[in-house]
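Here's the letter readout for the chains.
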Amino acid sequence: MAEINLDKIYSSFLLALEESDDEDSLSRIHKEFLGKDSVISKQRKNISKLSDLDKKKFGNKIKDITQKISLEIQNKKINLQKVAYKNREDKENSDISIDWYENTGSKEHIISSVMDEVVQIFSSIGYTVAHGPEAETSWHNFDALNTPVWHPARYESDTLYIDKKLQNLLRTQTSTVQVRHMKDNEPPIYIVSPGRVYRSDQLDSTHSPVFHQIEGLAVDDAISFTDLKGTLEFFVKEFFGNNVKTKFIPHFFPFTEPSAEVLVSWKDSNWLEILGCGMVDPNVFENVGFKKGTQGFAFGVGVERLAMLRHNIDHIKNFYDNDLRFLRQF
Ligand code: DAH
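Owing to the predicted nature of the structure, the values given are computational and were not obtained by experimental measurement.

S.K.: Can you tell me about the domain arrangement of the protein, naming the residues and giving the values?
M.R.: Annotation of the protein at the domain level lists domain 1 (6-92) and domain 2 (110-327). Here the C-alpha centroids of domain 1 and domain 2 sit 80 Å apart.

Shown next, in the form of structure tokens:
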């Protein structure tokens, strides 16, 4: 009889639990079924009236039911909390990416798009792209490129070294990729190599300690200075338009002989230097293990410089400030 009572109590507990939908009603249920004057404690009081055998049996049953009830209340409480959090989250969950900034999509940075454009121009005449590391050895950056040990470009005031023995550095020019590419490949070679370079420069309107260059290299049978001129004139016209005038003036670079600077006059502006170039010095070919008599030309162009000229940008830092008012113009 006593046991039937307990079963009924348990069934009515389950009913009450099912109907409960907040923590208040749960604590009421807890009080009603497990509290000091609860139905179960009343049953517990009956134990003393039972025979020894029944005492044990009934006692165990009460213990079981008490445990079950308290566990189920606990679980229900956790579930209710989860539902409450979820509701709150749904209500409060505003998408912070919306309306925070005006949603205008993304856009390529002007430096990347100028680099892409130059690469496109050269790939249209058969050049492929080669890459090299930004952390380089002094050998690739200077020695292999025929740069004498006394050359000022090697000074710590110009170059950012990354070890005390000055054997490793942040590349100061993308010309390093010429060396790497020639070490791994045989002529004919037609490559351009866009990338970031580093110099120990103070920021001013035309200099930045980090900037971008595109190196070019062509090595093939009987390549001559005429090929160099024709190729760079084609590039300049493609990039600035047919009205641009081009002038080659003699210059010096350790890795080319003869060397030249290319100047452009555009929209009636003064002559402005845009790149360095020349016929690859035989010592460079020797350093990479190419046979005597190999011929080729190379050039190096500053990406920021190209962009500044074309868009009339007066300070190099505009490229790195990431001011959207500037970037959106291109
Ligand atoms: N590396 C040179 C610089 O950073 C640019 C350059 C000039 C590259 C002449 C060349 C070249 O390949 O032939 O100033």
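S.K.: If you had to explain helix H2 (residues 23-34) to someone new, which residues and values would you point to?
M.R.: Over its twelve residues, H2 extends 16 Å from the first C-alpha to the last, a length consistent with the 16 Å expected when each residue adds 1.5 Å. What H2 keeps buried is the set Ser-25, Leu-26, Ile-29 and Phe-33. Mapping the buried residues of H2 onto a view down its axis gives an arc of 105 degrees, with all of them on the same face. Exposed positions of H2 whose direction lies more than 90 degrees from the buried face are Asp-24, Arg-28 and Lys-31.

S.K.: Requested: an account of a negative patch on the surface, with residues and values cited.
M.R.: A surface patch of like charges, here negative, comprises Asp-21, Asp-22, Glu-23 and Asp-24. Along the chain, Asp-21 turns up in the loop between helix H1 (2-19) and H2. On the accessibility criterion, Asp-21 (59% relative accessible area) is exposed.

S.K.: Give a detailed account of the site of the ligand, specifying residues and quantitative values.
M.R.: The local shell around the ligand holds 15 residues, among which Gln-173, Ser-175, Arg-199, Gln-213 and Glu-215 are the closest. Here an oxygen atom of the ligand and a side-chain polar atom of Gln-178 are 3.3 Å apart. For the ligand, an oxygen atom lies 2.5 Å from a polar atom in the side chain of Glu-215. Protein burial of the ligand: of its 350 Å² of free accessible surface, 90% is covered by the chains. Elements with a contribution of two residues or more to the shell around the ligand: strand S5 (210-219), strand S8 (272-280) and strand S9 (296-302). For the shell around the ligand, the residue count by class is five nonpolar, eight polar and two charged.

S.K.: Got a sec to walk through the packing of helix H5 (residues 110-123) against helix H10 (residues 303-311)? Specific residues and values, please.
M.R.: The geometry of H5 relative to H10 is characterised by a closest axis approach of 9 Å and an angle of 100 degrees between their N-to-C directions. With respect to H10, the axis of H5 lies roughly perpendicular. Together, Ile-110, Ile-111, Val-114, Met-115, Glu-117 and Val-118 of H5 and Val-303, Glu-304, Leu-306, Ala-307, Arg-310 and His-311 of H10 make up the contact between the two elements. Grouping the constituent residues of the contact of H5 with H10 by class yields eight nonpolar, one polar and three charged.

S.K.: Please set out the pairing of S9 residue by residue, giving values where relevant.
M.R.: Here S9 lies mainly inside the structure; six of its seven residues are buried. Across seven bridges, S5 lies against S9 in antiparallel orientation. By the bridge assignment for S9, Ile-214 is matched with Val-301.

S.K.: An account of the pattern of salt bridges is requested, with residue identities and associated values reported.
M.R.: Counted according to the given criterion, the structure contains nine salt bridges. Two residues, Arg-88 and Glu-92, come together in a salt bridge whose shortest N-O distance is 3.4 Å. Taken together, the residues span about one helical turn, with Arg-88 and Glu-92 both in helix H4 (residues 52-92) at a distance of four residues. For Arg-88, a relative accessible area of 48% translates into the label partly exposed. Glu-117 is the partner of Arg-310 in a salt bridge, and the nearest nitrogen-oxygen pair spans 2.6 Å. Of this pair, Arg-310 sits in helix H10 while Glu-117 sits in helix H5, placing them 193 residues apart in sequence. A relative accessible area of 21% places Arg-310 in the partly exposed class.

S.K.: Which residues make up the pairing of S8, and what are the values?
M.R.: With seven of its nine residues buried, S8 lies for the most part within the structure. Judged from the seven bridges that link them, strand S7 (residues 256-265) and S8 form a sheet pairing that is antiparallel. Counted as the bridge partner of Thr-256 is Val-280 from S8. The loop that links S7 with its antiparallel partner S8 comprises six residues; one of these, Lys-267, has a positive phi angle of about 50 degrees. In terms of strand pairing, S8 meets S9 through five bridges, oriented antiparallel. Residue pairing in the sheet places Gly-276 in a bridge with Gly-300 of S9.

Scoring rules and cut-offs
- Residues numbered from 1 in each chain as written.
- Predicted model: local features only at pLDDT ≥ 70, side-chain atom pairs only at ≥ 80, totals over all residues.
- Heavy atoms only, no water.
- Domains from an automatic or database assignment.
- Helix = DSSP H or I, 4+ residues; strand = E, 2+ residues; numbered from the N terminus.
- Expected span 1.5 Å × (residues − 1).
- Buried < 20%, exposed > 50% of the residue type's maximum accessible area, 1.4 Å probe, protein only.
- Arc of directions from axis to C-beta.
- Patch = residues over 30% accessible without salt bridge, like charges linked within 9 Å, V, L, I, M, F, W, Y side chains within 5 Å.
- Areas by Shrake-Rupley, 256 points an atom, 1.4 Å probe, with all protein chains shown as cover.
- Salt bridge = Lys/Arg side-chain N within 4 Å of Asp/Glu carboxyl O.
- Lys, Arg positive; Asp, Glu negative; His and termini not counted.
- Charge placed at Lys NZ, Arg CZ, Asp CG, Glu CD.
- Near = heavy atom within 4 Å.
- Polar contact = N/O pair within 3.5 Å; in protein donor to acceptor, adjacent residues only side chain to side chain.
- Nonpolar A, V, L, I, M, F, W, Y, C, P; charged D, E, K, R; others polar.
- Axes fitted to C-alpha atoms, helices over the stretch in contact; angles between N-to-C directions.
- Parallel < 35°, antiparallel > 145°, perpendicular 65-115°, else oblique.
- Contact = heavy atoms within 4.5 Å.
- Pairing = 2+ DSSP bridges.

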